[in-house]
Amino acid sequence: MAAIFIAGGYGIVGSNIARHVRKINKEIEIIIAGRNPDKGAALAKELGNARTVYLDLDKSIESYDWGQIDLIVAALQDPADALIDVALALGIAHIGITKLADEVTPFLFSALRTPPNRPIVPLGHSQSGVMTLLALKAAEAFSRIDSIELAGLYDDHEQMGPMTVGDAEGFIGRALLRQNGNWIWVNANQHPRKVRLSDGSCLEGLPMGLLDVPSLAAATHAPNIRFDFIQGESIGTKTGGQASQDLYIEIEGILKSGLPGKQRTIVSDPKGQAHLTALGVLVVIEHILGLDGKQTARGGVYLPETLVSIDAAIARFEQFGVQISSELNEN
């Protein structure tokens, strides 16, 4: 049976990925890797058919026994692309969740130079592709799309791992926007946007260079697309529960009825951002390893929307408790 190597596997996101995989499949071997493998011992015991290994990306990793690995999941920062290089060299599939729009060029050039024998999937999207898949589902109601405005709310009450906290502090800087059909890089702090929440209140969001923006531009040809990061109390916190991960999708254009219209979709995972991010990874893992019952993908670089069935992915999200509501208005 297949073996998955999760770098950063005992972290908050990595451990959620491991638990999601084990929930749908008992036979896959899960290898939990990090600098302090003892921290993953309890998780490995909980999962069953799992073990921990030492991994330090600041040191050489080529000597590791990669022969039995089918898929590498990088749930941590890999600034040197060390794990991608191993995957390309040895024909191992790879999923990475941290690279923003201005960080993917080096590995794309490597993939052009050494065409992948297995899927290589950058998931530097909001919640590892969840936002893009749901936005594309909403886009099905339109014959022409004029704008897509996305926002992800991060609740200060939620526990976040060191990598995620570092990202949240550092990725609000240079942001990629699609504006009037042009690609522009902007200073995020100089381009705020008011985002309306589920209860009608508003928060100020700042744009980011997540991969949702170029993904949705390629898929919909919308001339105006942006993703904004907002911080505040989530739906879960406001209703007295634990912090939820909330996503907001607003699409404007011409509906298939021929009338102008707007669709607003609200997504909320009551179990939080790590749980939802791991679900984005899970649906990609299912297809790469053939767990979805469909023919596995050939080698190449894939986006989540070019690899998985959107309807099947949404069904999986809802199975794991994700709440999705949409409102469509004709003007």
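Going by the structure above, here's the rest.
Summary of the structure given here. Here, residues in each chain are numbered from 1, in the same order as that chain's written sequence. Side-chain atom pairs in this predicted model are given and counted only at pLDDT of 80 or more, local residue features only at pLDDT of at least 70, and totals for whole chains, interfaces and linings cover all residues. Calculated side-chain values reflect all of the structure's heavy atoms, with hydrogen atoms and water omitted.

### Quick word on the pattern of salt bridges
So, step 1. Within this document, salt bridges are pairs made up of a side-chain nitrogen of Lys or Arg and a carboxyl oxygen of Asp or Glu, the two lying within 4 Å of each other. One pass over the full model with this rule turns up 16 salt bridges.
So, step 2. In this structure, Arg51 engages Glu29 in a salt bridge whose closest nitrogen and oxygen atoms are separated by 2.7 Å. Within this pair, whereas Arg51 is found in strand S3 (residues 50-54), its partner Glu29 is found in strand S2 (residues 29-34), the two being separated by 22 residues in sequence.
So, step 3. Working definition: with a 1.4 Å probe on protein chains only, accessible area under 20% of the residue-type maximum means buried, over 50% means exposed, and in between means partly exposed. A relative accessible area of 36% places Arg51 in the partly exposed class.
So, step 4. One salt bridge connects Lys137 with Asp311, and the closest N-O pair in it is separated by 2.8 Å. The way it works is that DSSP assigns letters per residue, a run of H or I at least four long becomes a helix, a run of E at least two long becomes a strand, and they are numbered from the N terminus.

### A short note on the environment of Ala312
So, step 1. As for its placement among the helices and strands, Ala312 is situated in helix H11 (residues 310-319).
So, step 2. Taking C-alpha positions, Ala312 is 8.8 Å from Asp292, a pair spaced 20 residues apart along the chain.

### Re the packing of helix H5 (residues 130-139) against H11
So, step 1. The axes are straight lines fitted to the C-alpha atoms, using for helices just the contacting stretch, and the angles between their N-to-C directions are given from 0 to 180°. Two elements in contact, H5 and H11, have axes separated by 10 Å at closest approach and are oriented at 120°. Comparing their axes, H11 and H5 come out oblique. The interaxial crossing formed by H5 with H11 has left-handed handedness. Counted together, Val130, Leu133, Leu134, Leu136 and Lys137 of H5 and Ile310, Asp311, Ala313, Ile314 and Phe317 of H11 form the full contact between these two elements. In this scheme, roughly parallel covers angles under 35 degrees and roughly antiparallel covers those over 145, while 65 to 115 is roughly perpendicular and the rest are oblique. Left-handed describes a crossing whose near helix is turned anticlockwise from the far helix through less than a right angle; right-handed describes the clockwise counterpart. When checking whether two residues touch, look at their non-hydrogen atoms; a contact exists if any pair is within 4.5 Å.

### Describing empty space enclosed by the protein
Unoccupied space between atoms shows up once a probe the size of one water molecule is rolled over them.
So, step 1. For cavity detection a 1 Å grid was placed over the protein atoms alone, and a set of points counts as a cavity when a 1.4 Å probe fits there but cannot get out; an open set counts as a pocket when protein lies on both sides within 12 Å along at least five of seven lines, with lining residues being those that have an atom within 4 Å of a point. Grid points are joined across faces, edges and corners, and a volume is the space filled by probe spheres set on the points. Enumeration according to the criterion identifies one cavity of 30 Å³ or more in this entry.
So, step 2. There is about 110 Å³ of room inside the largest cavity.
So, step 3. Mapped by element, the contributors of at least two residues to the lining of the largest cavity are strand S5 (93-96) and strand S6 (119-122).
So, step 4. In terms of residue count, S6 provides more of the lining of the largest cavity than any other element does, three residues in total.
So, step 5. Amino acids are sorted into nonpolar (Ala, Val, Leu, Ile, Met, Phe, Trp, Tyr, Cys and Pro), charged (Asp, Glu, Lys and Arg) and polar (every other residue, Gly among them). Partitioning the lining of the largest cavity into residue classes produces nine nonpolar, four polar and two charged.

### Observations regarding the pairing of strand S14 (residues 260-269)
So, step 1. Extensive coverage of S14 is indicated by the burial of eight of its ten residues.
So, step 2. Strand pairing follows a simple DSSP-based rule, namely that at least 2 bridges must link the two strands. Sheet analysis places strand S13 (residues 245-255) next to S14, joined by ten bridges and oriented antiparallel. Bridging from a neighbouring strand, Asp246 pairs with Ser268 of S14.
So, step 3. What sits between the antiparallel neighbours S13 and S14 is a turn of four residues, in which Gly258 has the positive phi angle 95°.
So, step 4. With eight bridges joining them, S14 and strand S16 (residues 323-330) adopt antiparallel strand pairing. Counted as the bridge partner of Ile266 is Ser325 from S16.

Everything listed is a geometric property; what it means functionally is a separate question.
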